[in-house]
Amino acid sequence: MIPAPFEYHRPDSVEAAVKLLSDFGEDARVVAGGHSLIPMMKLRMTDFGHLIDLQAIDALKGIRIDGRRITIGAMTTQHEIIHHAGLATAAPILAEAAGQIADPQVRYMGTLGGNVANGDPGNDMPGVMQCLDATFHLNGPGGSRVVKARDFYEAAYFTARAEDEILTAVSFDTPAGGQAYVKQKRKIGDYATAAAAVVIARSGGRCTAASIAMTNLADTPVWCEEAGAALAGTDLSAAAIEAAVGAMDRAIDPQSDNRGPAEFKRHAAAVVLRRAIAAAAARA
Amino acid sequence: MSKMHITLTVNGKQEELLAEPRELLIHVLRERLSITGPHIGCETSHCGACTVDMNGKSVKSCTVLAAQANGAEITTIEGLGTPDSLHVLQTMFREHHGLQCGFCTPGMITRAYRLLQENPDPSEEEIRYAMAGNLCRCTGYQNIVKAIMAAASELNAVKEAAQ
Ligand SMILES: Cc1cc2nc3c(=O)[nH]c(=O)nc-3n(C[C@H](O)[C@H](O)[C@H](O)COP(=O)(O)OP(=O)(O)OC[C@H]3O[C@@H](n4cnc5c(N)ncnc54)[C@H](O)[C@@H]3O)c2cc1C
Ligand code: FES
Ligand code: FES
């Protein structure tokens, strides 16, 4: 259970890290908290000669709230997200989701950037980011660019990030309305069997807008526009909720594995989505 | 591959050593520094037996590279108390039967130490949530929770008396 040999680098700026990434090309990987990468390295499922540790780059850390815009540095840990007072009011879904990731030790090390850049369908934050219509900020040899979370995930472990780019931050607007992240897992510390991220805006008893994204029910997170549309303009009647659940069921593509048969995952997905809609609506 | 010069402060003592960057912190502690309090239970980031305190965070030292830890301040169970002068948590684990075989105990106590730094008066539910990264095959957890609650009230009583 010891990783294969590599050279270690600890740059102290984004520029220096990008330079290392472009110098070594495919032979380099960045490490954030290491709590997805190191287990893979120990299993010898990775193959690179240079590890670039981002821990000393201060520009990648911290949570900023400017009016309605929230920006979270890639190296911000799940633990920091859970304990951030401003975020608790501005976007409580972040702490609710982070608090359901893994266990305390993993959350002290695991970062938001690592969680969304990883590309593992089991990661919880990508679905949350799609639900919030977040923007991912990338920095590479050619400068910086942005990609929408909803356009970022191509397949399991394949994302829109180029190999010589670093994800520097994510940003999104303070969600308008009630939010909820509901996750079904086999035990503490497990990835989701199914999870749902929901934001619901309400006015005078009617739902004015809704956004719904699902975790670990396909090889990418699934933001389901149709499911949100099924709720918008309704009074969130049982029929409207079942229409949203139906739309979600058509959008996901769960596979049978050690978390259960695909039919069971569809059942769990419907349960978590109903619960998340109820919780988000109650908070709206 | 070349070795790295690594500096660590472990239980208040400065340590310098040469290690390959790929070595895991748990191996550096146990095999190079003979600090054998942190145990290897699973080596796959699940059991928490290897928990140490690194820069004020509870971490699983089987999932930290020696290179990542370079420059860090680390506390292990050895730094919390000694046989002659036990930490309150150690005393309470003994009094409340918070251990049986003892294999998980160094990780449990090191984790509970950080919990009480952050939340000096946790509820039972908060303790269970905060200890979820540490597995025990023996106790059924009930007495571990009791021991941590007892340690919290003891520490708070001492603090109040000092004021
Ligand atoms: C026991 C256990 C249980 C877990 N349970 C869950 C769970 O329930 N839900 C969940 O979501 N996660 C879970 N995780 C994963 C954990 O949350 C990880 O910490 C997280 O997925 C990755 O964050 P990291 O900072 O550790 O990234 P790392 O492991 O350092 O990196 C992950 C990948 O992303 C790349 N990367 C990291 N940062 C950047 C960046 N800034 N720019 C570009 N690329 C980058 C790395 O090169 C690597 O390929 C679990 C982990 C463990 C060990
Ligand atoms: S030995 Fe590190 S978590 Fe089990
Ligand atoms: S006391 Fe035996 S594993 Fe906890």
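These numbers were taken from a predicted model, which means no experiment stands behind them.

Thresholds applied
By convention here, each chain's residues receive numbers from 1 onward along its written sequence. As a convention, the first chain written is A and the first ligand written is 1, with the rest following in written order. Given that the model is predicted, a residue must reach a pLDDT of at least 70 before its local features are reported, and side-chain atom pairs must reach 80 or more before they are shown or counted; all residues, however, enter totals for whole chains, interfaces and linings. Hydrogen atoms and water are omitted, and side-chain values are computed over all heavy atoms in the structure. The nearness test applies per residue and asks whether one of its heavy atoms lies within 4 Å of the molecule or strand. Any pair of nitrogen or oxygen atoms within 3.5 Å is treated as a polar contact; in protein, a donor-acceptor pairing is required on top of that, and neighbouring residues in sequence qualify only through side-chain atoms on both sides. The helix count covers DSSP runs of H or I at least four residues long, the strand count covers runs of E at least two residues long, and both are numbered beginning at the N terminus. Three categories are distinguished: nonpolar for Ala, Val, Leu, Ile, Met, Phe, Trp, Tyr, Cys and Pro, charged for Asp, Glu, Lys and Arg, and polar for the others, with Gly belonging to the last. A pair of strands is considered paired only if DSSP assigns at least 2 bridges between the two. Inter-axis angles, ranging from 0 to 180 degrees, are taken between N-to-C directions of lines fitted to C-alpha atoms, where helices are fitted over the stretch in contact. Throughout, a contact is declared for two residues whenever any of their heavy atoms are within 4.5 Å. Note that the domain bounds reflect an automated or database-derived domain assignment. Throughout, the accessible surface (probe 1.4 Å) given up by two parts as they are put together, summed over both, is called the buried area. Take a side-chain nitrogen of Lys or Arg and a carboxyl oxygen of Asp or Glu: if they are within 4 Å of each other, that pair is a salt bridge.

A. Region of the structure containing the site of ligand 1. In the neighbourhood of ligand 1, 32 residues make up the surrounding shell, with Val30(A), Ala32(A), Gly34(A), Leu37(A) and Thr111(A) lying closest. Neighbouring residues of ligand 1 are not confined to a single chain but are spread across chains A and B. The separation between an oxygen atom of ligand 1 and a polar side-chain atom of Arg29(A) is 2.9 Å. Where the shell around ligand 1 is concerned, the elements lending two or more residues are β2 (28–31), α7 (112–117) and β10 (166–173) of chain A. When the residues that make up the shell around ligand 1 are grouped by side-chain class, the tally is 13 nonpolar, 14 polar and five charged.

B. A look at the sheet that holds strand β3 (residues 50–53) of chain A. All names here are of chain A. Read from one edge of the open sheet, three strands run β1-β3-β2, paired in parallel fashion. Two strands lie at the open edges of the sheet, namely β1 (7–9) and β2, each paired on one side alone. Each strand of the sheet is rotated relative to its neighbour by a mean of 25 degrees, with strand direction disregarded. Where β2 meets β3, four bridges bridge the pair, whose relative direction is parallel. Its bridge partner lying in β3, Ala-28 is registered against His-50. Taken strand by strand, helix α1 (residues 14–24) contacts β1, β2 and β3, and its axis lies near 165 degrees from that of β3.

C. Representation of the domain arrangement of chain B in the model. Residue and element names in this part refer to chain B. Entries for chain B in the domain assignment read domain 1 (4–79) and domain 2 (88–158). Taken residue by residue, the interface counts 18 residues in domain 1 and 14 residues in domain 2. Roughly 1,100 Å² of surface becomes buried between domain 1 and domain 2 when both sides are summed, with 57% attributable to carbon and sulfur atoms. Across the domain 1-domain 2 interface, the total number found is one salt bridge. Asp-53 serves as the salt-bridge partner of Arg-114, at 2.9 Å between the closest nitrogen and oxygen. For the pair domain 1 and domain 2, the number of links is six residue pairs in polar contact (both at pLDDT 80 or more). Counting residues per element, the ones that place at least two in the side of domain 1 that touches domain 2 are β3 (51–54) and β4 (57–60).

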